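A closer look at the structure
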Amino acid sequence: MIVKVCGMRDADNIRQVAQLGIHMMGFIFYQKSPRCVSRPVSRCEADAGVERIGVFVNDSVMHILQCINDYNLNGVQLHGQEPPEFCRQLKANGVELLLKALSVASVNDLKQCGAYDGIVDYFVFDTKTPDYGGSGKCFDWEVLRHYKGTTPFLLSGGLGMHNTEELLRFQHPRWCGIDLNSCFEVAPGHKDVALLKQYLQTVREIL
Ligand SMILES: O=C(O)c1ccccc1NCC(=O)[C@H](O)[C@H](O)COP(=O)(O)O
């Protein structure tokens, strides 16, 4: 199971969280987010084994490619209304690891999935919110029973200590990871390392 911790930006915090044995770390490049990175966070600040994912919202290909270069990113998460063709363009420009977040509130929101199959590497199924992400709120995971696509997905949106029991019960053949963010924060962009550690211990049977 892939563990992604999103919304990182403080060097010491990045180092500590990387040592928890997680697989992906998300850096937000969306100016309106309280977690938006404010300066280049260099590779040496994170463990080499952690994939560095830039999270973008309706940004341009050129800016995304520039950030990949400036911030040593290994992958990109698109968290806006980016169409499949936009994802194809990023792939054509050498983006190896591409995650497409889809805001989910009802079964209707899953209809678009098929158009991304074979283009993106993972979906991130997140809670629908006007701010795009980082809401700390869960959506109804029952909706995902209707997801019959081939692209594997990370479950996202309000995951925290309060819903570990539901998480341990959750099952889906394409489920491959969890995305953790605001429920582990002491301040926007700063994670509670002890709480994350406790959480990963609590859900260890699915990891
Ligand atoms: O976290 C943000 O502030 C954010 C803002 C705009 C777009 C995406 C954002 N986060 C992306 C993520 O992958 C989050 O982990 C995801 O939305 C879940 O967040 P949370 O509900 O706080 O667990």
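Here the residue numbering is sequential within each chain, running from 1 through the sequence in written order. In view of the model being predicted, local features appear only for residues whose pLDDT reaches at least 70, and side-chain atom pairs are presented and counted only at 80 or more, with totals across whole chains, interfaces and linings using the full set of residues. Here the side-chain values reflect all heavy atoms present in the structure, with hydrogen atoms and water set aside.

The condition that has to hold: UniProt positions are given in the numbering used here, feature names are shortened, and annotations may be inferred rather than shown by experiment.
The name given to the chain in an unreviewed UniProt entry is N-(5'-phosphoribosyl)anthranilate isomerase, and the organism recorded there is Xylanibacter brevis. UniProt's Sequence similarities (unreviewed entry) comment on the chain is quoted here verbatim: "Belongs to the TrpF family."

1. Let's talk about the site of the ligand
For clarity, the threshold we go by: Proximity criterion: a residue is near a molecule or strand once any of its heavy atoms comes within 4 Å of it. Any pair of nitrogen or oxygen atoms within 3.5 Å is treated as a polar contact; in protein, a donor-acceptor pairing is required on top of that, and neighbouring residues in sequence qualify only through side-chain atoms on both sides. Here the open area of atoms and residues is found with the Shrake-Rupley method and a 1.4 Å probe, where only the protein chains shown may cover a residue. Side-chain classes follow a simple rule in which Ala, Val, Leu, Ile, Met, Phe, Trp, Tyr, Cys and Pro form the nonpolar group, Asp, Glu, Lys and Arg form the charged group, and the remainder, Gly included, forms the polar group.
Ser33, Arg35, Asp126, Asp179 and Ser182 are the nearest of the 24 residues found near the ligand. In this structure, Ser33 approaches the ligand through a side-chain N or O atom, which is 2.6 Å from an oxygen atom. Here Ser135 contributes a backbone N or O atom positioned 3.5 Å from an oxygen atom of the ligand. Against a free-state accessible area of 520 Å², the protein chains account for coverage of 99% of the ligand. Its residues assigned to classes, the shell around the ligand shows 6 nonpolar, 12 polar and 6 charged.

2. Considering the nonpolar core
Here is the rule: We call a set of buried Ala, Val, Leu, Ile, Met, Phe, Trp, Tyr and Cys residues a nonpolar core when their side-chain atoms join them within 4.5 Å. Throughout, exposure labels follow a simple rule: accessible area from a 1.4 Å probe, protein chains only, divided by the maximum for the residue type, with under 20% read as buried, over 50% as exposed, and the rest as partly exposed. Helix and strand assignments follow DSSP, with helices taken as H or I runs no shorter than four residues and strands as E runs no shorter than two, numbered in order from the N terminus. In what follows, residue pairs with any heavy atoms lying within 4.5 Å of each other are defined as contacts.
Counting residues in hydrophobic clusters, the biggest one holds 55 residues, and the most contacted among them are Phe125 and Leu167. The element contributing the most residues to this core is helix 2 (residues 61-70), with 4 residues. Excluding its chain neighbours within four sequence positions, the residues that come into contact with Phe125 are Leu102, Val104, Leu110, Cys113, Phe139, Leu144, Tyr147, Phe153, Leu154, Leu155 and Ser156.

3. Some thoughts on the sheet that holds strand 8 (residues 175-180)
Where strands meet in a sheet, backbone hydrogen bonds hold them as pairs that are either parallel or antiparallel. We count it as follows: Two strands make a pair as long as DSSP finds a minimum of two bridges between them. In this analysis an axis means a line fitted to C-alpha atoms, helices contributing only their contacting stretch, and an angle means the value between N-to-C directions, from 0 to 180 degrees.
As summarised here, the arrangement of the 8 strands in space is 1-2-3-4-5-6-7-8, forming a closed barrel in which the pairing is parallel. The sheet shows a mean angle of 30 degrees between the axes of neighbouring strands, direction not considered. The pairing of strand 3 (residues 51-56) with strand 4 (residues 75-78) spans 4 bridges and is parallel. Bridging from a neighbouring strand, Val55 pairs with Gln77 of strand 4. Across the sheet, helix 3 (residues 84-92) lies against strand 4 and strand 5 (97-104), angled at about 165 degrees from strand 5, the strand it touches most.

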